[in-house]
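Given next are the chains, with one letter for each unit.
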Amino acid sequence: MASEIIEETRSERVQRATIKTIEETGALMNGHFVFTSDDHGTTRIDNSILFANAHEAHRVCRTLAQEIVLAGKTKISVVIGPATGGMIMAQLIAIHLQGLLNHRVFAIHTTAKDGGIFLKPAFHKILDGNEALVVDDTLTTGKTMRRNVDLTYRFGGKVAGV
C-alpha cells in the first residue's frame, strides 16, 4: 500500500509562517483571558507588542496584503479601520497594497464617540464609489467590524473584504 503524502497548501504555509513571526515578537499569549466582550479565551495576540516590533508588523501586514491580491482583490483603493489599533493595521496594509497594485491606496479610520462610530467628513469622498478593505487589529464579537462595514456602505464604499 502506497503511503499517502499530505502536502501542506500554500495558505497553510503562509499561516504557519505568520504565526511564527507573531510568536517571535512575544505577542502570542497563552493563558486564560476575559475579553472586553466578556467572552473567554485561551489564546490572544497582544497587538501592542506586535506593532511595537515595526519590522515584524510590516512583515505580517505585507503577507496579508499579498494574500488579498492573490485572492483577486485588485481594485481596493481604501483600507479602513477603527482609530484604536485598526488604524495602524490599515496604514501598513495600504502601504503594501499600493506597492503591489501600482495604484493609490488610502488608509482611513473611524472614530468611536458616545457609543457610536463616526467617519471624518474628509474621508467621505475617499470612500464614495471605491472598493474598500475593512480591517481591525482585534476581532472578538465582530461588532466593531460590522459597524465599520456599515459605515463604509453608508458613505458609498464597496466592501471588497474584511
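A. The arrangement of the pairing of strand β7 (residues 158–161) in detail. Direction of pairing for strand β6 (residues 131–134) relative to β7: parallel, over a ladder of three bridges. Bridging across to β7, L133 finds its partner in G161. Handedness of the β-α-β unit built from β6, helix α6 (residues 143–154) and β7 comes out right-handed.

B. Focus on the side chain of S77. Mapped onto the secondary structure, S77 falls in strand β3 (residues 76–82). Classification of S77 as buried rests on a relative accessible area of 12%. Filtering out sequence-adjacent residues up to four positions away, S77 remains in contact with H103, R104, V105, F106, N130 and E131.

C. Structural context of the sheet that holds β3. With respect to topology, five strands assemble into an open sheet ordered β5-β4-β3-β6-β7, the strand pairing being mixed. This sheet does not close on itself; its edge strands, each paired only once, are β5 (116–119) and β7. Each neighbouring strand pair of the sheet contributes to a mean axis angle of 35 degrees, computed without reference to strand direction. Pairing analysis gives four bridges linking β3 to β6, with the strands arranged parallel. Note on β6: the bridge partner recorded for I80 is V134.

Rules of the game
Residues numbered from 1 in each chain as written. Predicted model: local features only at pLDDT ≥ 70, side-chain atom pairs only at ≥ 80, totals over all residues. Heavy atoms only, no water. Pairing = 2+ DSSP bridges. Helix = DSSP H or I, 4+ residues; strand = E, 2+ residues; numbered from the N terminus. Right-handed = clockwise from strand over helix to strand, strands pointing away. Buried < 20%, exposed > 50% of the residue type's maximum accessible area, 1.4 Å probe, protein only. Contact = heavy atoms within 4.5 Å. Axes fitted to C-alpha atoms, helices over the stretch in contact; angles between N-to-C directions.

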